[in-house]
Protein chains: 2
Amino acid sequence: MSFENRTYTADVTPGESATIAGWVHEVRDLGGIAFLIVRDKTGKLQVKIEKDEMDEELVESALDVARESVVSFTGDVKEEPRAPTDVELVPEEFELVAPADTELPLDPSGKVDAELPTRLDNRTLDLRKPEVKAIFEIRAEVLRAAREYFRSVGCTEINTPKIVATGTEGGTELFPISYFGEEAFMNQSPQLFKQLMAGSGLERVFEIGPIFRAEEHNTPRHLNEATSIDFEGTFCDHEDAMDVVEGIVVAAYEAVNENCAEQLEALDMADAFEVPEGGFPRLTYEEALDRINATGELDERLVYGDDLSTEAERALGEEIGSHYFIMDWPSEIKPFYIKDYDDDAETSTGFDLMHPSMELVSGGQREHRYDPLVEGFEQQGLDPDEFEYYTKMFKYGMPPHAGWGLGAERLVMTMLGLGNIREAVLFPRDRQRLSP
Amino acid sequence: MSFENRTYTADVTPGESATIAGWVHEVRDLGGIAFLIVRDKTGKLQVKIEKDEMDEELVESALDVARESVVSFTGDVKEEPRAPTDVELVPEEFELVAPADTELPLDPSGKVDAELPTRLDNRTLDLRKPEVKAIFEIRAEVLRAAREYFRSVGCTEINTPKIVATGTEGGTELFPISYFGEEAFMNQSPQLFKQLMAGSGLERVFEIGPIFRAEEHNTPRHLNEATSIDFEGTFCDHEDAMDVVEGIVVAAYEAVNENCAEQLEALDMADAFEVPEGGFPRLTYEEALDRINATGELDERLVYGDDLSTEAERALGEEIGSHYFIMDWPSEIKPFYIKDYDDDAETSTGFDLMHPSMELVSGGQREHRYDPLVEGFEQQGLDPDEFEYYTKMFKYGMPPHAGWGLGAERLVMTMLGLGNIREAVLFPRDRQRLSP
C-alpha cells in the first residue's frame, strides 16, 4: 500500500473519502456496532464498524487488532455529532500495517500512570501521549523562536566543536575521551569558541547545541548532557546582554502562546499560560541578600560573599514571583573570564537570570584585555599555555564583548511547570541513565 | 564609552553624526591627509584625518594605531565620491578600544595568502576576511532554510543524545568515553533515536546536530566531527524521503541565492551561483554501473555488487553534471536496518544523493518489522540484546518509515565549490587537529 494519499485525522472532510493511518488508541465494542479510535500525530478519529452491514473479513480483522497496532482505513468521512470530533470514518478497506503486542510496557492512552523511569525507557510509547508529545512540540517551538529572535538582533548561527583538548571553565568536571590515542574531552560550554567568534568579523553569534558536564549531582534540575542556548556579542556590555536574553525568553513564551494552543490544551495549561511582560527586575547581589534575609526563610543570615543556595534562590523567587536578574556579584564568586567593573575591581559584571524556581542563565561582560585574562587563568590554577589558542587572539584586537548561556531544558521546564528536568529531554543522561 | 549608539558602517547616513566601532583595516597616509579604513561586520568605512585642521592629539593617536586594532570614531558622515563607499567620516572623537600587536599571524586584509592550517589556527583573524566570513554566514542561512523546509513538511525538531551506550551502525569506528566509570561512546549518527521518535506520536522529525566518527581517513572531504542534518518520517517510503531531501537541497540553494547576495559577491560567485531545479535524476544502481563503465574512465569495469569508489563517483558525476540519486542498491552493500524491496529481497530501498563531486546523503526506507530487524543485527555480528532499548519498540506498533542523513559541511562545500571540507567548519576536528 502507498501512503501517498494518506490524510491526517485532523484534515478529513465530511462528505469525502479518505485513507487514514495511525495507531489503534481504543476499541469500543458495543455489540452490533463497534468503534475504533485511530490516533495519529494530529489527533484522533472514530472509525465505525457496523458488524452486520460490513464485509465480514474487514469486521473480523479490524476488531482483532491489539491496541497500539498500526492500521490504515479507507472509507467515507461523515458528520456524526456523537463522535468525539463530530466526524467519523465508515471504512471500506482495512489494513493491519504493523501489529502490537497485547502487553505494553506503558499505556499511551494514559489510563494507567507510569513512573518516569518507565516512561524514559519507553519514550516511543510515552510520546504517543498527547501531553508528552506536547512538551516536545513546545520545546521545538521555543528553539525556533529563539533562533528567530537571535537573527532579528543581527546574530549569526555558529557550530563549535564538542571534542576539545582542554576544558573551558576548569570548575566543572569533564568527560574524558580517547581521541586517536590522545586525551580529549567533551566540551562543557562553547564559552571560549563563541568568544573567539565574537572577535571575528561575525561579531554577534549564537549557538544551540549539546553541552556535557560530568558533575556527580543527581537532582530533578541537573543533566549530564543538556542543550545550551548561547549568545556572544561585541561592543555589548552586560546590560546589553541582559536585554538580549530577556528578549529571547519573552519571545519564546510569546511564540508558544501564539503557535501552540493545542499543545497547551493537551497539557491542561491553556488558561494558566502567562507570557512574561519583560522588564524583569534587575536586583544587585546586595539587594538580593537583603531581600532573602528579610524573608526569614533561611536558618542563617546571608552575608556578602556568600553564594546563593537552592534554598536562598527559592525564598527570593517566591518573594519576587517573576523572572528577575541578579547582577553586581562579588568578583570572587564569578568565573575569572567575566570582567569586573572598571571602577570597582571587587564587583563583577556577571549576572544570572532567574526563574522564581531556579537559575536559567549565567552571563556577563567578558575580560577582553590580554594581560588580565592571562592572569585570571593563572589565579584559577590553570596553565595559560594550554589555552594559548584562545588567549593569543586577545592580542590582535579583541573588542569588548558580553554573552550568556541559557539552559534549553530549564527554560522549557519552568515554562511548563515540569517537576523534573528529564521530562524536557527525550533521552536524558544522568549518573544512572546512559540508555536508551 | 558606551556602544549603545554605535552605528554599523553600512548604516551611516550622510549629513548625520555617527559613532562607528570596528577594526583598523588599513591606514593610508598621504602626507597632509590620511585615511583610516575601519571594518565591522557590515563592511568598511573611510575615516578622513586632516592633519593640520584636526585636534593634534586625535591625529597623533589615530595614526599611531596598528592594523586590526579595535577603534571607535565619532564624527560627521559626509558624501565623498572618491571614498570606496561614497561616504566618509570626519572624526571629532577617537578611542583606541583594544590595541593589536604589530605582528599578526595572518593578514585579514587578504594581501598575504595564508595556508589552511594557519587559517584554522587563527580563525578569529581568518573570519575577519569577508570571503571567509561569507562562508559561515551562508552556512547559517543553509541551516535556517533547512529547518524552515522541515517545518513546512510537518516535521518536529528533536535533540537526541550524543553520549550513548552502543554504537548505532557498527560499521564506523566510535570514540570511547569514560562515563562515570562506565564505557560509553560519542554517537556517530542519530539513526536509532530518530527512528524511535518517528514511531512516537511525533511521526516526522528532524535534527541538526553533531556526529562523531573515529574513522582514520584524512581526506579533504572527511571530518571526525561533523554536523548532520537528519530526517525521519512515518508512512514514508524511500521515494518520499528522496522528495524531502531534494526539497531541502533546493530550498537551501534558493535561500542563499535570495538572502546572501553580499556573501556570494564576497566569494566572487554572484554570477556563477546556480540554483538546482530539482527533479534530480534517479538512477538505479545498475544504470549507474552502466554509465560509469561507458565513460571508460576506470581501469576495471564495475560489476554488480561492487561499491562505487571515489573515482567511479567522479566519473559518473562528471557525466551527469548535476545532483542525482542512485537507488536500488544490492542489499548486501547497504546497512541492515534499511529495508529490502518486498518483492525483491536482493535489492535495498537504500539510496544516495550525489553532488557531481561527492556523496551528500545516505537514506532509505527502514526495516520496521521486528523479526527481520533482530535477524539483521545478528547477521551484522551485533548482539541484539545490546540494542533491546531500540528493537523492543518495534513490537508495539512501528509504522513503515524512511529517512536520511545529509552532511551539512558537504552541502556547503559543494554549494560553494570549496576545495577542502575544513573550510566549511569553524574549528574542524581530524586526526591531526584537536585544537583550537
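Small disclaimer: the values here were computed from a predicted structure and weren't measured.

**A short note on the sheet that holds strand E2 (residues 33-40) of chain B**
Taking strand neighbours around the barrel as the criterion, the 5 strands line up as E1-E2-E3-E5-E4 (chain B) in a closed arrangement whose pairing is mixed. Ignoring which end each strand starts from, the neighbouring axes of this sheet average 55° apart.

**Let's talk about the UniProt feature "binding site: L-aspartate" (unreviewed entry) in chain A**
All names here are of chain A. Within the UniProt annotation, "binding site: L-aspartate" (unreviewed entry) is assigned to Glu169, Arg213, Ser362 and Arg366. Here Ser362 shows up in strand E17 (residues 358-365). Since its relative accessible area comes to 33%, Ser362 is described here as partly exposed. The contact partners of Ser362, leaving out residues within four places of it in the chain, are Lys334, Phe351, Asp352, Trp404 and Gly405. Polar side-chain contacts of Ser362 include one of 3.3 Å to the side chain of Asp352.

**Observations concerning the pattern of salt bridges**
All names here are of chain A. Summed over all chains, the structure comprises 69 salt bridges over all chains. The salt bridge involving Lys162 is made with Glu207; its shortest N-O contact spans 2.9 Å. Placement of the pair is Lys162 in the loop between strand E6 (156-157) and strand E7 (163-164) and Glu207 in strand E10 (residues 204-212), with a sequence separation of 45 residues. Take Lys162 and Glu207: they sit in the same class, and that class is buried. For the salt bridge of Glu239 with Arg282, the shortest nitrogen-to-oxygen distance reads 3.7 Å. In this pair, Glu239 sits in helix H6 (residues 238-259) while Arg282 sits in strand E12 (residues 282-284), placing the two residues 43 residues apart along the sequence.

**Section: the domain arrangement of chain A**
Domain assignment breaks chain A into domain 1 (9-98) and domain 2 (124-281 + 322-424). A separation of 47 Å is found between the C-alpha centroids of domain 1 of chain A and domain 2 of chain A.

**A look at the packing of aromatic side chains**
Here the structure, examined in full by the defined rule, presents 40 aromatic pairs over all chains. The interplanar angle of 35° and the centroid separation of 5.6 Å between the aromatic rings of Phe231 of chain A and Trp404 of chain A together place this pair among those described as tilted. In this pair, Phe231 of chain A is assigned in strand E11 (residues 225-234) and Trp404 of chain A in strand E18 (residues 401-407), connecting sequence segments 173 residues apart. Taking relative accessible area as the criterion, Phe231 of chain A reaches 0% and is therefore assigned buried. The class for Trp404 of chain A is buried, based on a relative accessible area of 0%. Between Phe280 of chain B and Phe325 of chain B, the ring centres sit 6.3 Å apart and the planes meet at 45°, which makes this aromatic pair tilted.

**Structural notes on the interface of chain B and chain A**
Reports of interface size often rely on the accessible area that becomes lost once the parts have come together. On the chain A side, the residues contacting the 95 residues of chain B number 95 residues. Taken over both partners, the interface formed by chain B and chain A buries close to 7,900 Å², and the fraction arising from carbon and sulfur atoms is 64%. Per-residue buried area on chain B facing chain A is highest for Phe180, Phe235 and Tyr396 of chain B; these three make up 10% of the total on that side. Linking chain B to chain A there are 4 salt bridges. A salt bridge links Glu157 of chain A to Arg147 of chain B; the shortest N-O distance between them is 2.7 Å. Taken together, the connections running from chain B to chain A amount to 36 residue pairs in polar contact (both at pLDDT 80 or more). Here the side of chain B that touches chain A gets 9 residues from one element, more than from any other, and that element is helix H4 (residues 130-152) of chain B. Tallied by class, the residues present in the side of chain B that touches chain A amount to 47 nonpolar, 18 polar and 30 charged.

**Section: empty space enclosed by the protein**
Counted by the stated rule, this structure contains 4 cavities of 30 Å³ or more. Empty space within the largest cavity amounts to approximately 410 Å³. If you go around the largest cavity, you meet 37 residues; those closest to its centre are Gly209 and Pro210 of chain A together with Lys162, Gly209 and Pro210 of chain B. Elements with a contribution of two residues or more to the lining of the largest cavity: helix H4 (130-152), E10 and E11 of chain A together with H4, strand E10 (204-212) and strand E11 (225-234) of chain B.

What counts and how
Residues numbered from 1 in each chain as written. Chains lettered and ligands numbered in written order. Predicted model: local features only at pLDDT ≥ 70, side-chain atom pairs only at ≥ 80, totals over all residues. Heavy atoms only, no water. Pairing = 2+ DSSP bridges. Helix = DSSP H or I, 4+ residues; strand = E, 2+ residues; numbered from the N terminus. Axes fitted to C-alpha atoms, helices over the stretch in contact; angles between N-to-C directions. UniProt positions renumbered as here; feature names shortened; annotations may be inferred. Buried < 20%, exposed > 50% of the residue type's maximum accessible area, 1.4 Å probe, protein only. Contact = heavy atoms within 4.5 Å. Polar contact = N/O pair within 3.5 Å; in protein donor to acceptor, adjacent residues only side chain to side chain. Salt bridge = Lys/Arg side-chain N within 4 Å of Asp/Glu carboxyl O. Domains from an automatic or database assignment. Phe/Tyr/Trp six-rings, centres within 6.5 Å; stacked < 30°, edge-to-face > 60°. Buried area = accessible area lost by both parts, 1.4 Å probe. Nonpolar A, V, L, I, M, F, W, Y, C, P; charged D, E, K, R; others polar. 1 Å grid on protein atoms, 1.4 Å probe; cavity = no way out; pocket = protein on both sides within 12 Å on 5 of 7 lines; lining within 4 Å. Points joined across faces, edges and corners; volume = space filled by probe spheres on them.

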